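Reading the structure
So you can see what is in the structure, the chains are spelled out below.
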Amino acid sequence: MTTFAIVAGVVGAALDDTVIIVLGLANLLADGFSMAVSNYLGTRAEQQEREKARRSELRHIEKYPEGEREEIRQLFSRKGFVGADLERVVEVITADKELWVETMLAEEFGLPRHGPDPRRAGLTTFVAFVIVGAVPLLTFFVNALAPGLIAAPFLTTCVLTGIAFALVGIWKARIVDSGMLNEGFATLFIGGSAAALAYGVGYLLRGFVA
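The text that follows walks through the structure, step by step, so that each part is easy to find. Since the model is a prediction, treat every value here as computed from it, not as a measurement. (Residues numbered from 1 in each chain as written. Predicted model: local features only at pLDDT ≥ 70, side-chain atom pairs only at ≥ 80, totals over all residues. Heavy atoms only, no water.)

Here we look at the overall build of the protein chain
Each helix and strand in the protein chain was counted, giving ten helices and zero strands. Shown N-terminal to C-terminal, the secondary structure of the protein chain runs as helices and strands in the order α-α-α-α-α-α-α-α-α-α. Rg of the C-alpha trace for the protein chain: 26 Å, well past the compact-globule value of 17 Å for 210 residues, more than 25% over. On the principal axes, the C-alpha backbone points of the protein chain span a range of 80 × 30 × 30 Å. In the protein chain, which comprises 210 residues, the share counted as buried stands at 31%. Relative to all contacts within the protein chain whose residues are 6 or more apart in sequence, the contacts with residues 24 or more apart total 67%. The distance from the centre of the 19 positive side-chain charges to the centre of the 23 negative ones in the protein chain is 2 Å. (Helix = DSSP H or I, 4+ residues; strand = E, 2+ residues; numbered from the N terminus. Rg over C-alpha atoms; globule rule 2.2 N^0.38 Å. Buried < 20%, exposed > 50% of the residue type's maximum accessible area, 1.4 Å probe, protein only. Contact = heavy atoms within 4.5 Å. Lys, Arg positive; Asp, Glu negative; His and termini not counted. Charge placed at Lys NZ, Arg CZ, Asp CG, Glu CD.)

Okay, structure coming up:
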């Protein structure tokens, strides 16, 4: 989206295609790196938070086993366990310290057993951003290598990027089990609006840039 907006802004300002390639590529790599690092740090922070909660629960179990056992009893009592079944669940869980801790983390704090790997999350973000974000630059790279091959590069870019936006929305819809048409249109509309805004700013500043 940001790469397409930069392309639209430069076209709106009537600057040379070389500017599109330089600014677009710089944004693609810098923004992709920034998002990847942000995802890495955020995921690692969640992992560290989980480990902190785990250490805390482990200390509580070691210092106040009866109190923690009662918490397990109350948790599963609210789930509908009663009588002998409830006591059996408490006995099984508290007999294994690791299971005990993991149960407390999941039931009391809502923390998953295993979170995503921070390095993988960051790398995936970067690769995905670069692959999809490169779409708005393709036609200009082609024309740089073979001048005039694509007669209307910006129009072609709009079509290709629009398709990419729609596909991203459809893919998202499949993951979250939402309406594909709605998600595809929403992503296309948001991306198109950002590009239109950037184009308008570039157009208004055309004389100033010149």
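Let's talk about the side chain of Thr-161
Mapped onto the elements, Thr-161 comes out in helix 8 (residues 153-176). Discounting chain neighbours no more than four positions away, the residues touching Thr-161 are Phe-4, Val-135 and Pro-136.

Examining helix 8
Given 3.6 residues per helical turn, the α-helix brings residues three or four places apart onto the same face. Between its first and last C-alpha atoms helix 8 spans 34 Å; for 24 residues at 1.5 Å apiece the expected length is 34 Å, and the two agree. What helix 8 keeps buried is the set Pro-153, Thr-157, Thr-161, Gly-162, Ala-164, Phe-165, Gly-169 and Ala-173. Packing partners of the buried residues in helix 8 comprise helix 1 (2-12), helix 7 (138-145) and helix 9 (180-204). Just beyond helix 8, the residue with positive phi is Asp-177, at close to 60°. (Expected span 1.5 Å × (residues − 1).)

What about the nonpolar core?
The biggest cluster of nonpolar side chains holds 14 residues, and the ones touching the most others in it are Ile-72, Phe-76, Ile-93, Trp-100, Met-104 and Leu-105. Ignoring any residue separated from it by four or fewer positions in sequence, one finds Met-104 in contact with Glu-57, Glu-68, Glu-71, Ile-72, Leu-75 and Phe-109. Judged by nonpolar contacts, the second largest core, of eight residues, contains Val-7, Leu-28, Phe-129 and Phe-140. (Core = buried A, V, L, I, M, F, W, Y, C linked by side-chain atoms within 4.5 Å.)

Focus: the pattern of salt bridges
For the structure on display, the rule yields twelve salt bridges. Across the salt bridge formed by Glu-102 and Arg-50, the nearest N and O atoms sit 2.6 Å from each other. Placement of the pair is Glu-102 in helix 5 (residues 97-108) and Arg-50 in helix 2 (residues 17-63), with a sequence separation of 52 residues. Here Glu-102 falls in the buried class, since its relative accessible area comes to 13%. Between Glu-183 and Lys-172 there is a salt bridge, and its shortest N-O distance comes to 3.3 Å. (Salt bridge = Lys/Arg side-chain N within 4 Å of Asp/Glu carboxyl O.)

Structural notes on the packing of helix 7 against helix 8
Close contact between helix 7 and helix 8 brings their axes to 8 Å; oriented N to C, the two are set at 145°. Seen from helix 7, the contacting residues are Thr-139, Phe-140 and Asn-143; seen from helix 8, they are Pro-153, Phe-154, Thr-156, Thr-157 and Leu-160. Of the residues in the contact of helix 7 with helix 8, the class split is four nonpolar, four polar and no charged. (Axes fitted to C-alpha atoms, helices over the stretch in contact; angles between N-to-C directions. Nonpolar A, V, L, I, M, F, W, Y, C, P; charged D, E, K, R; others polar.)

With respect to the environment of Glu-107
Mapping Glu-107 onto the fold places it in helix 5. Contacts of Glu-107, omitting those with residues within four sequence positions, involve Leu-75 and Lys-79. Of note is the side chain of Glu-107, whose polar atom sits 3.1 Å from the side chain of Lys-79. (Polar contact = N/O pair within 3.5 Å; in protein donor to acceptor, adjacent residues only side chain to side chain.)

Thoughts on a nonpolar patch on the surface
A cluster of nonpolar side chains, Leu-155, Val-159, Leu-160, Ile-163, Leu-167, Ile-170 and Met-180, forms an exposed patch at the surface whose accessible area comes to about 610 Å². Here the nonpolar patch gets six residues from one element, more than from any other, and that element is helix 8. Within the secondary structure, Ile-170 is located in helix 8. The class of Ile-170 is partly exposed, set by a relative accessible area of 30%. (Patch = residues over 30% accessible without salt bridge, like charges linked within 9 Å, V, L, I, M, F, W, Y side chains within 5 Å. Areas by Shrake-Rupley, 256 points an atom, 1.4 Å probe, with all protein chains shown as cover.)

A word on unusual backbone geometry
Positive phi, close to 60°, is recorded for Ala-14, a residue that is not glycine. Locating Ala-14 in the fold gives a position in the loop between helix 1 and helix 2. Here Asp-177, not a glycine, exhibits a phi torsion of approximately 60°, which is positive. Tracing the chain through its elements places Asp-177 in the loop between helix 8 and helix 9. Look at Asp-177 and you get exposed, because its relative accessible area is 71%.

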